Amino acid sequence: MKTVFSPRHHGHSGHVELNNGRVVPAFEKPERAEMIRAAVEGRGLGPILAPAAHGLDPVLRVHEADYVSFLSEAWALWTADGRDFPALPSFWKAPGMRAIEPETIDGKLGHFSFDAGCCLVAGSFDAIAASVDVALTGVDLVAGGEPSAFALCRPPGHHAHAGTMGGYCYVNNAAVAAQAFRDRGTPRVAILDVDYHHGNGTQSIFYERADVLVCNIHGHPTQEYPYFLGYEDETGAGAGEGFNANFPLRWGTGFEAWSAALETACRRVEAYAPDVVVVSLGVDTYKEDPISQFRLDSPDYLKIGARIARLRKPTLFVMEGGYAVEAIGVNVANTLEGFAGE
Ligand code: OKS
Ligand code: ZN
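In this text, all values refer to a predicted model and were calculated from it rather than measured experimentally. Residue numbering note: each chain is counted from 1, following its sequence as written. Chains carry letters and ligands carry numbers; both start at the beginning, A for chains and 1 for ligands, and go up in the order they are written. Local features are withheld for residues below a pLDDT of 70 in this predicted model, meaning they are given only at 70 or higher, and side-chain atom pairs are given and counted only at 80 or more; totals for whole chains, interfaces and linings count all residues. The basis for every side-chain value is the complete set of non-hydrogen atoms in the structure, without hydrogens or water.

**Remarks on the coordination of the zinc ion (ligand 2)**
For the zinc ion (ligand 2), the full set of protein donor atoms is D195 (OD), H197 (ND1) and D284 (OD), at a range of 2.0 to 2.1 Å. Viewed at the metal, the six donor atoms of the zinc ion (ligand 2) are separated by angles of 30 to 159 degrees, and the geometry they form is irregular. Donor criterion used throughout: N, O or S atom within 2.8 Å of the metal, extended to 3.2 Å for Na, K and Ca. Water excluded; incomplete-looking sites may result. Sequence spacing among the residues donating to the zinc ion (ligand 2) works out to D-x1-H-x86-D. With H197 in the loop between β6 (189-193) and α7 (200-206) and D284 in the loop between β9 (276-281) and α9 (300-309), this residue pair connects regions lying 87 residues apart in the sequence. Across this residue pair, the class does not change: H197 and D284 are buried. A four-donor site is classed as tetrahedral when every donor-metal-donor angle falls between 85 and 135 degrees; four donors are called square planar, and six octahedral, when trans pairs exceed 155 degrees and all remaining angles lie between 65 and 115, with any other arrangement labelled irregular. Runs of E in the DSSP output that reach at least two residues are strands. Runs of H or I that reach at least four are helices, and both are numbered from the N terminus. Note on classification: 1.4 Å probe, protein chains only; a residue is buried when its accessible area is under 20% of the maximum for its type, exposed when over 50%, partly exposed between these limits.

As C-alpha cells, then:
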C-alpha cells in the first residue's frame, strides 16, 4: 500500500490547547506523524509519496468560502494586532445569539470554532493545506486503480464542520476526500470512522445525503468529547435518512465489545454496497492513550485492518487521532498490515 505524507505538517507546531482547565502544549503534535511515518517505513509497508497540489477548489466543495478565507488569513490578522504567540479561541455564541462574522480576529476565532482545541500558529494554514493535499493525493491513487492507499494527514479533520473548526481539526480531510471521489464519478462512498471520538464534522457534512454513508464507532457522548453529537438515534435527515449510523460505547470498552460494534458497522457498510470506503483512522482507542478511555491493545489493530479488508472495496485510510506517541506508529502500521495481509 502506498502512503502519502508531507513534512509540511511541521509548520503546525509549538501550539497549545485548553485541557483540564489549563493551557497546555497540544497533544496533537508533530511527533505523532513522524512516528507513523517511521513505522510505515520500518515495517516496509510500501513507498511513501509526496502529495500533489490540488488547490482549494476541492476544499470549497465541502467547506464554506468565508471559513476557508478565515483559516488562510487568521494568523496575519492575529499578528497584525501585535501578538506573536499562538491564536486560541475562548468564546463562542450560545443558541439565540447572532451568527454574523465579526470584523475583528478575536470575534472571528469564536465565530468559526466550537472549542479551544484549534490553535493557529504561523505555519498552521500551510500544514492544513498540505494535509488535505495528502488526502486528495490518496484519492488520486485509489481512483486511479490502487486497491488501497494511506493518507498520513496531519492535522486531522473529522471534527471540522463545513464552517467550523474544533478538536484539532480545521479542514475535514476525509469529507473532502469523499466528495472528491463523488466528483470523479464514484456513485456511492462509505466513510467508516474508527477514531475514539465521534466524527461530528463528517456526520454533519453528509447528514442529509444518501450518496455518502457515514458510520462512527466512538466514546459515548454522555461521557465523551465532542459531547453534543454522536447518539445512536442520529440516523440522517431528509434524503440522508438512514445513511448515518452511530455506535457509541461507554468508557472502559475493550476489544470484544469494540469489535462487535465494528462488525455491525461493517455489515451496514456492506448493505450499502459502496464503490469506495474512506476510513477515518484514529488509534486513540488504544489502552494507553492519554486523553481516551477505551482499552484496545496493539495486536487488536491487526484484526481491525483485516476486518476492513474483508469489505473487499477500494479503501482510502485517512489519519485522524491517536496521542500515545510511543505506540502510535505500531498501532497504525498494524492496522495497515492487517489490511494488506487479508
Ligand atoms: C480541547 C480539545 C479536545 C479534543 C479532543 C479530541 C481530539 C481527537 N482540549 N479527535 O479525534 O482525537
Ligand atoms: Zn480522536
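**A look at the site of ligand 1**
The environment of ligand 1 is formed by 13 residues, the closest being E17, H158, H159, D195 and Y323. Note that a nitrogen atom of ligand 1 is positioned 2.8 Å from one of the backbone N or O atoms of L18. Between Y323 and ligand 1, the recorded distance is 2.5 Å, taken from a side-chain N or O atom to an oxygen atom. We call a residue near a molecule or strand as soon as one heavy atom of that residue lies within 4 Å of the molecule or strand. Pairing of N or O atoms within 3.5 Å defines a polar contact, subject to two protein rules: one partner must be a possible hydrogen donor and the other a possible acceptor, and residues neighboring in sequence count only if both atoms are side-chain atoms.

**Examining unusual backbone geometry**
With an omega of 0 degrees, the peptide bond running from R154 to P155 counts as cis. As for its placement among the helices and strands, P155 is situated in the loop between β5 (148-151) and α6 (173-183). Cis rather than trans, the peptide bond between Y225 and P226 has omega equal to 10 degrees. One non-glycine residue, N20, lies in positive phi territory at about 55 degrees. N20 gets classed as exposed once you look at its relative accessible area, which sits at 73%. Positive phi outside glycine occurs at R312, with the angle close to 55 degrees. Relative to the assigned elements, R312 resides in the loop between α9 and β10 (315-319).

**Remarks on the sheet that holds strand β7 (residues 212-219)**
In a beta sheet, neighbouring strands pair by backbone hydrogen bonds and run either parallel or antiparallel. When DSSP finds at least two bridges between two strands, those strands are taken to pair. Spatial strand order, β4-β1-β5-β10-β9-β6-β7-β8: eight strands in an open sheet with parallel pairing. The outermost strands of the open sheet, each flanked by one partner alone, are β4 (48-49) and β8 (244-249). Pairing analysis gives five bridges linking β9 to β10, with the strands arranged parallel. Paired with S280 across the strands is V318, a residue of β10.

**Examining the UniProt feature "domain: Histone deacetylase" (unreviewed entry) in the chain**
UniProt positions are given in the numbering used here, feature names are shortened, and annotations may be inferred rather than shown by experiment. Under the feature "domain: Histone deacetylase" (unreviewed entry), the UniProt entry names residues 28-337. Along residues 28-337, the helical share is 38% and the strand share 12%, with 24 Å between the first and last C-alpha atoms.

**Examining the environment of M97**
Within the secondary structure, M97 is located in the loop between α3 (65-80) and α4 (105-111). Note on M97: relative accessible area 54%, which makes it exposed. For the pair M97 and I328, spaced 231 residues apart in sequence, the C-alpha separation works out to 41 Å.

**Points about the pairing of β10**
With five of five residues buried, β10 lies mostly within the body of the structure. Here β10 shows no split at all, with T315, F317 and M319 on one side and L316 and V318 on the other all buried. Two elements, β5 and β10, share four bridges in a ladder whose sense is parallel. Bridged to F150 within β10 is F317. Seen with its strands pointing away from the viewer, a crossover is right-handed if its path from the first strand over the helix to the second goes clockwise. On the question of chirality, the crossover connecting β9 to the parallel β10 by way of α9 is right-handed.

**So, the nonpolar core**
In terms of nonpolar packing, the biggest core is built from 47 residues, with F150, I217, W258, L281 and V332 touching the most fellow members. The element contributing the most residues to this core is helix α8 (residues 255-272), with eight residues. Residue contacts for L281: discarding those within four places in its chain leaves F150, V194, F317, V318, M319, E320, G321, V332 and T335. Ranked by size, the runner-up nonpolar core spans 46 residues in total, among them Y67, V68, V142 and V189. In these notes, a set of buried Ala, Val, Leu, Ile, Met, Phe, Trp, Tyr and Cys residues joined through side-chain atoms within 4.5 Å is what counts as a nonpolar core. Note on definitions: a residue-residue contact is assigned when non-hydrogen atoms from the two residues lie within 4.5 Å.

**Section: the packing of aromatic side chains**
Between 30 and 60 degrees the pair is tilted, below 30 it is stacked and above 60 it is edge-to-face, where a pair is any two Phe, Tyr or Trp rings, Trp via its six-membered ring, whose centres lie within 6.5 Å. In the structure shown here, the tally under the stated rule is 12 aromatic pairs. Taken together, a centroid distance of 6.5 Å and an interplanar angle of 25 degrees make the contact between F114 and Y225 stacked. Of this pair, F114 sits in the loop between α4 and α5 (124-143) while Y225 is found in the loop between β7 and β8, placing the two residues 111 residues apart along the sequence. For Y225, a relative accessible area of 19% puts it in the buried group. Taking 5.5 Å as the distance between ring centres and 75 degrees as the angle between the ring planes, the aromatic pair formed by Y168 and Y323 counts as edge-to-face. Pair noted here: Y168 is in the loop between β5 and α6 and Y323 is in the loop between β10 and α10 (325-340), with a separation of 155 residues, a long-range link. Exposure class is identical for Y168 and Y323. Each is buried. Taken together, F114, Y225, Y227 and F228 form an aromatic cluster joined through their ring pairs. Placement of a positive charge over a ring is assigned whenever Lys NZ or Arg CZ falls within 6 Å of the ring centre and within 35 degrees of the normal to the ring plane. Above the plane of the ring of F5 lies R37, whose end atom (NZ or CZ) is 5.9 Å from the centre. R188 extends its terminal NZ or CZ atom over the ring of Y272, reaching a point 4.1 Å from the ring centre.

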